[in-house]
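Here's the letter readout for the chains.
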Amino acid sequence: MFTQLQNPFSLVARLLLAALFLPAGIAKLTGFEGTVGYITSVGLPAPTLAAAAALILEIAGGIALIIGLGTRFAALALAFFTLVASFIFHAYWAVPADQAYVTQLLFFKNIAVAGGLMALAAFGAGGWSLDAHRSASA
């Protein structure tokens, strides 16, 4: 039964993961100065460059997941980005106690998302993707 569901499950997984990254990238684009300010507030160097890189990765990676093109690479790039961002922006061990619960929730949500992205990188986009179409055509 699960073999028959691999393609639809892979597609749904890609869409659900993209639903996190594509809107976040668009929000960074439309609120660029706010994003730069937030990155500046945590002390990262080159906040304008970091904001631009993050929005490009989130938008391009989100689109890649949706259409299933370069899926393994996009998933790995997004997983790495998510893990790094988790430690920088959701350091629950370094915030006041009244903020720790929500920050910890966000941290572990991101860890789980990175896990899902790594599974997608390991198993690929599935048959309902441009990756599969390109492989069949080659």
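Remember, predicted model here, so these are calculated numbers, not experimental data.

Asks: Let's hear about the overall build of the protein chain: which residues, and what values?
Replies: Helix and strand content of the protein chain: 6 helices and 0 strands. Secondary structure elements in the protein chain, listed N-terminal to C-terminal, are α-α-α-α-α-α. Along the three orthogonal principal directions, the C-alpha set of the protein chain runs to about 50 × 30 × 20 Å. Counting the 138 residues in the protein chain, one finds 31% classified as buried. In the protein chain, 69% of the contacts between residues at least 6 apart in sequence involve partners at least 24 apart. Of the roughly 8100 Å² of accessible surface on the protein chain, 74% is carried by carbon and sulfur atoms.

Asks: So what's going on with the nonpolar core? Which residues, and what values?
Replies: By size, the foremost hydrophobic cluster in this structure holds 12 residues: Leu17, Ala18, Phe21, Leu65, Ala75, Leu78, Ala79, Val113, Ala114, Leu117, Leu120 and Ala121. When residues of this core are traced back to their parent elements, those giving at least two are helix H1 (2–30), helix H4 (71–89) and helix H5 (97–123). Considering each element in turn, this core owes the most residues, 5 residues, to H5. Here Leu120 is in contact with Arg14, Leu17, Leu65, Thr71, Arg72, Ala75 and Ala125, once residues within four sequence places are set aside.

Asks: An account of the pattern of salt bridges is needed here, citing residue identities and associated values.
Replies: A full pass over the atoms with the stated rule returns 1 salt bridge. Put simply, Glu58 and Lys28 hold a salt bridge, and the shortest N to O gap is 2.9 Å. Of this pair, Glu58 sits in helix H3 (residues 47–67) while Lys28 sits in helix H1, and the two are 30 residues apart along the sequence. Its relative accessible area of 5% is what places Glu58 among the buried residues.

Asks: Quick one: what's the story with the packing of H1 against H3, residue by residue and with numbers?
Replies: Contact geometry for H1 and H3: axes closest at 7 Å, N-to-C directions at 155°. Classed by the angle they form, the pair H1 and H3 counts as roughly antiparallel. Like other packed secondary-structure pairs, H1 and H3 cross with a definite hand, here left-handed. Touching Leu11, Arg14, Leu15, Leu17, Ala18, Phe21, Leu22, Ala24, Gly25, Ile26, Lys28 and Leu29 of H1 are Ala54, Leu55, Glu58, Ile59, Gly62, Ile63, Leu65, Ile66 and Ile67, all from H3. Among the residues making up the contact of H1 with H3, the classes are represented as 16 nonpolar, 2 polar and 3 charged.

Asks: Give me the side chain of Ser10: which residues, what numbers.
Replies: Positionally, Ser10 belongs in helix H1. Excluding residues that lie within four positions of it along the chain, Ser10 makes contacts with Ala125 and Gly126.

How each quantity is defined
Residues numbered from 1 in each chain as written. Predicted model: local features only at pLDDT ≥ 70, side-chain atom pairs only at ≥ 80, totals over all residues. Heavy atoms only, no water. Helix = DSSP H or I, 4+ residues; strand = E, 2+ residues; numbered from the N terminus. Buried < 20%, exposed > 50% of the residue type's maximum accessible area, 1.4 Å probe, protein only. Contact = heavy atoms within 4.5 Å. Areas by Shrake-Rupley, 256 points an atom, 1.4 Å probe, with all protein chains shown as cover. Core = buried A, V, L, I, M, F, W, Y, C linked by side-chain atoms within 4.5 Å. Salt bridge = Lys/Arg side-chain N within 4 Å of Asp/Glu carboxyl O. Axes fitted to C-alpha atoms, helices over the stretch in contact; angles between N-to-C directions. Parallel < 35°, antiparallel > 145°, perpendicular 65-115°, else oblique. Left-handed = near helix turned anticlockwise from the far one by under 90°. Nonpolar A, V, L, I, M, F, W, Y, C, P; charged D, E, K, R; others polar.

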